[in-house]
Each structure stands twice: as structure tokens, then as C-alpha cells.
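Here is how the chains run, residue by residue.
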Amino acid sequence: MPRREIALLTNPTAGKGRGGRVRHQALVRLRDGGLVVRDLQGRDADEALDQAKQCVTDGVDALVVCGGDGMVHLALQAVAETSTPLGIIPAGTGNDVARYFDLPRKDPLAAADVVVAGHTRTIDLARSGSRYFVTVLAAGFDAIVNERANRMAWPKGQMRYNIATLAELRVFEPLPYTLQIDGRELILDAMLVAVGNGPSFGGGLRITEGAVLDDGLLDVVIIKPMSKPSLIRTYPKLFKGTHVTHPQYEHHHARSVTVAAPGIVSYADGERFGPLPLTVECAPGALTVFV
């Protein structure tokens, strides 16, 4: 029997440089497990995506990424709606996708063993045009914070987002949204709108609590206007999903949703996704992943 051939694509800067260290451990374990491994590392995101797409075209048995949710997001653009499974060696900061599947987030050898074992699960993805995401589309206050943080050169890491959050909170006002949820129009003001394929983003913030990865539906969450002190008090509840009892919380299921709001650039899987308006639809069964 021919040995399985996989491509291992690494983001060496993931997790403050942890990606490069994790890659070496995983590579040894994958090869010891009998896999033929193409060891790849793009000089930038465009080259990494080209490499991923070429491997899928070549017919590798799997594409495995070593990095965080951003690296998973890149890989989706190559493997979505194909028969090529995705493997994940977590090495990022948030690692929400790895959390979805209970993959080992601190043990690269154990994560590599999941790939070697070869057990898979098929899930849905969210699709907007030709782009896909697996976690959550942020399209409100959270997206504005991301934009500010990306413009900041200092500080590094999570503290940059904390400072960006405080800075935006001082000036933020509810946004006027127009939503089309399976053809039904909603016009309202809100703090944010999130479109979830999965239940969490941002390192475990369960904004779309209850989202199921293979139900053929998107979860649309609206946080209607609230005072800034109330927003601050509610934020910690996102880590447990207990914000769903707040009277300003609203939850819809949909196969397709269009989100429009002036001046907002959306984020998905933690990556800059595109300016609103955007139409997002569920792509059922679009991804096979090692679990």
C-alpha cells in the first residue's frame, strides 16, 4: 500500500513565534507515523495560499496547517468543497477552531497523532462570494476594535486589543443596520451583528452560543443598544455563553444573511474579511477535518 502523503503548511510567527517551534515537533511525529510530508512555509500569505492550492490540485491526502485560526482560514480557501481533509496543529493565540473539535491545543505531538489516526468529521462552512470562514463574522463594535488594533504599532499581543477596546468604547455609538435574514428585512440600531458558523471567536468568546457546525444553518446574533457600563458588565459573560439571557440579545437561524452598516469592515476567523454590505450563506458539508 502506498503511504499517505500530506502537506504541512506552517505560519512560523503564530503564537508569538510558537508556530516554528511546534512545526518541528509535529513534523517528526507525522513522519514517524508513516506519513510522507511536504514541509511548506510561504514567505507571505499569498505564497502560502498558492502552495496550499497547488497541493490540493496535486491530490495530497490531506492539508495540515501549523498555526492559529488565521492559518486555518487561509487553508479553507484551498480545501473548501473538495475531498481533501484539513488537519490542525494548533500554535496560535486563540485557536477557536481547534477548541471546536477538542484538539490538543498545548501538545503538538498529540495533535499530530490525530492526523496520523485519520478519523474525520464533515462540517459546514460559511461562504461569502468565493471566500469561506469557519468561526464567526464580526460586523460591529468588535470589528471596529480589530481595525483600530491593526493600525497600532504598539503594544504587541492581547494588550493591543485591550487598549483598542477601551479607546473605541469611549466614542462608540450604536450602528444603523439593515439585515436580510432568509429574505426577511430588519432595520435596526445595534452594538454589533455577528454571523456564526461555529459558536465562538477571539479565543473563546461564545458570541454565537448554541451554533452547531453541521446543521446547515448560520446563527445570527444581534446585540441591541445598551449603555457602556452594561456592555462592560456583559463582556465577561461571553466566555461562558451566559450573555444569551440579556434583554438586548437577539438570535436568529438562517441559511443566508445580508448585513449592511455604513463604514464597517468585517472580520472572520480573526482576519480582515471585507467591507459591508456582505451576503453570507451556509455551505453545508463543505469541510472535512481530522478529529
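Residues numbered from 1 in each chain as written. Predicted model: local features only at pLDDT ≥ 70, side-chain atom pairs only at ≥ 80, totals over all residues. Heavy atoms only, no water.

Notes on the packing of helix 2 (residues 45–58) against helix 3 (residues 69–79)
Going by this rule: Helix axes are fitted to C-alpha atoms over the stretch in contact, other axes to C-alpha atoms as well, and angles between N-to-C directions run from 0 to 180 degrees. Helix and strand assignments follow DSSP, with helices taken as H or I runs no shorter than four residues and strands as E runs no shorter than two, numbered in order from the N terminus. With respect to orientation, any angle under 35 degrees is reported as roughly parallel, any angle over 145 as roughly antiparallel, any angle of 65 to 115 as roughly perpendicular, and every other angle as oblique. Each crossing gets its handedness from the near helix: less than a right angle anticlockwise from the far helix is left-handed, clockwise is right-handed. Two residues qualify as a contact provided that any one of their heavy atoms is within 4.5 Å of a heavy atom in the partner residue. The residue classification treats Ala, Val, Leu, Ile, Met, Phe, Trp, Tyr, Cys and Pro as nonpolar and Asp, Glu, Lys and Arg as charged. All others, Gly included, are polar.
Between helix 2 and helix 3, the least distance of the axes is 8 Å, while the angle of their chain directions is 40°. Classified by the angle between their axes, helix 2 and helix 3 sit oblique to one another. Taken as a pair, helix 2 and helix 3 cross one another with a handedness that is right-handed. Across from Ala45, Ala48, Leu49, Ala52, Lys53 and Val56 in helix 2, the residues of helix 3 making contact are Leu74, Gln77, Ala78 and Val79. Looking at side-chain class alone, the contact of helix 2 with helix 3 contains 8 nonpolar, 1 polar and 1 charged residues.

Side note on the packing of aromatic side chains
Here is the rule we go by: Centres within 6.5 Å make a pair out of two Phe, Tyr or Trp rings, where for Trp the six-membered ring is used; the pair is then stacked when the planes are under 30 degrees apart, edge-to-face when over 60, and tilted otherwise. Each residue is assigned to one of three classes by its accessible area relative to the maximum for its type, calculated with a 1.4 Å probe on protein chains only: buried under 20%, partly exposed between the two thresholds, exposed over 50%.
Applying the stated rule across the entire model yields 4 aromatic pairs. Taking the centre distance of 5.0 Å and the plane angle of 70° together, the rings of phenylalanine 141 and phenylalanine 172 count as edge-to-face. Separated by 31 residues along the polypeptide, phenylalanine 141 in helix 6 (residues 141–151) and phenylalanine 172 in the loop between helix 7 (158–171) and strand 8 (175–181) bring together distant segments of the chain. Judged by relative accessible area, which is 10%, phenylalanine 141 ranks as buried. Overall, the relative accessible area of 6% leaves phenylalanine 172 in the buried class. Ring geometry for tyrosine 235 and phenylalanine 239: centres 6.1 Å apart, planes at 85°, overall edge-to-face. According to the relative accessible area criterion, tyrosine 235 is partly exposed, its value standing at 43%. What makes phenylalanine 239 partly exposed here is its relative accessible area of 43%.

Some details on the sheet that holds strand 14 (residues 265–268)
Here is the rule: If DSSP finds at least two bridges between two strands, the strands pair.
Reading across from one edge, 12-11-10-7-14-15 is the order of the 6 strands in this open sheet, with antiparallel pairing throughout. Of all strands in the sheet, those with a lone pairing partner are strand 12 (249–254) and strand 15 (271–275), marking the two edges. Across this sheet, the average inter-strand angle for adjacent strands is 25°, counted without regard to direction. Bridge analysis of strand 10 (residues 192–196) against strand 11 (residues 218–223) gives 5 bridges, and the strand direction is antiparallel. Counterpart to alanine 194 in the pairing with strand 11 is valine 221. Strands in contact with helix 6 are strand 7 (136–138), strand 10, strand 14 and strand 15; relative to strand 14, the strand with the most contacts, it is inclined by about 90°.

Observations concerning the nonpolar core
Under the convention used in this document: Throughout this description, the term nonpolar core refers to a set of buried Ala, Val, Leu, Ile, Met, Phe, Trp, Tyr and Cys residues connected via side-chain atoms within 4.5 Å.
By size, the foremost hydrophobic cluster in this structure holds 53 residues, and its most contacted members are Leu9, Leu86 and Ile89. Element by element, the count of residues in this core is highest for helix 3, at 7 residues. In this structure, Ala126, Met191, Phe201 and Val259 belong to the second largest nonpolar core, which totals 51 residues.

Observations concerning the environment of threonine 120
Positionally, threonine 120 belongs in strand 5 (residues 120–128). Along the chain, threonine 120 and isoleucine 144 lie 24 residues apart, while their C-alpha atoms are 36 Å from each other. The residues contacting threonine 120, other than those within four sequence positions of it, are Pro85, Thr288, Val289, Phe290 and Val291.

Regarding helix 6
Think of an α-helix as 3.6 residues a turn; residues three or four steps apart then line up on the same face. Of all 11 residues that make up helix 6, 8 are buried, and the element is covered over most of its length. Along helix 6, the positions that sit buried rather than exposed are Phe141, Asp142, Ala143, Ile144, Val145, Asn146, Glu147 and Ala149.

Quick word on a nonpolar patch on the surface
So the rule is basically this: In this scheme, patches are assembled from residues that exceed 30% relative accessible area and form no salt bridge. Like charges are connected within 9 Å, while nonpolar side chains (Val, Leu, Ile, Met, Phe, Trp, Tyr) are connected within 5 Å. Computed by Shrake-Rupley with a 1.4 Å probe, the accessible areas treat only the displayed protein chains as cover when residues are assessed. Salt bridges are identified by distance alone: a Lys or Arg side-chain nitrogen within 4 Å of an Asp or Glu carboxyl oxygen.
Among the surface-exposed residues, Trp154, Met159 and Ile163 lie close enough to one another that they form a single nonpolar patch of about 360 Å² accessible area. Mapped onto the secondary structure, tryptophan 154 falls in the loop between helix 6 and helix 7. For tryptophan 154, a relative accessible area of 68% puts it in the exposed group.

What to know about the pairing of strand 14
Judged by which residues are buried, strand 14 turns out to be covered on both faces: Val265 and Tyr267 on one side and Ser266 and Ala268 on the other are all buried. Two strands pair when backbone bridges link them, and strand 7 and strand 14 are joined in this way by 2 bridges, in the antiparallel orientation. Directly across from alanine 138, in strand 14, lies its bridge partner tyrosine 267. Note that strand 14 and strand 15 share 4 bridges and pair antiparallel. Across the sheet, the residue bridging to valine 265 is proline 275, located in strand 15. Between strand 14 and strand 15, which pair antiparallel in sequence order, lie 2 residues; one of them, aspartate 269, sits at a positive phi of approximately 55°.

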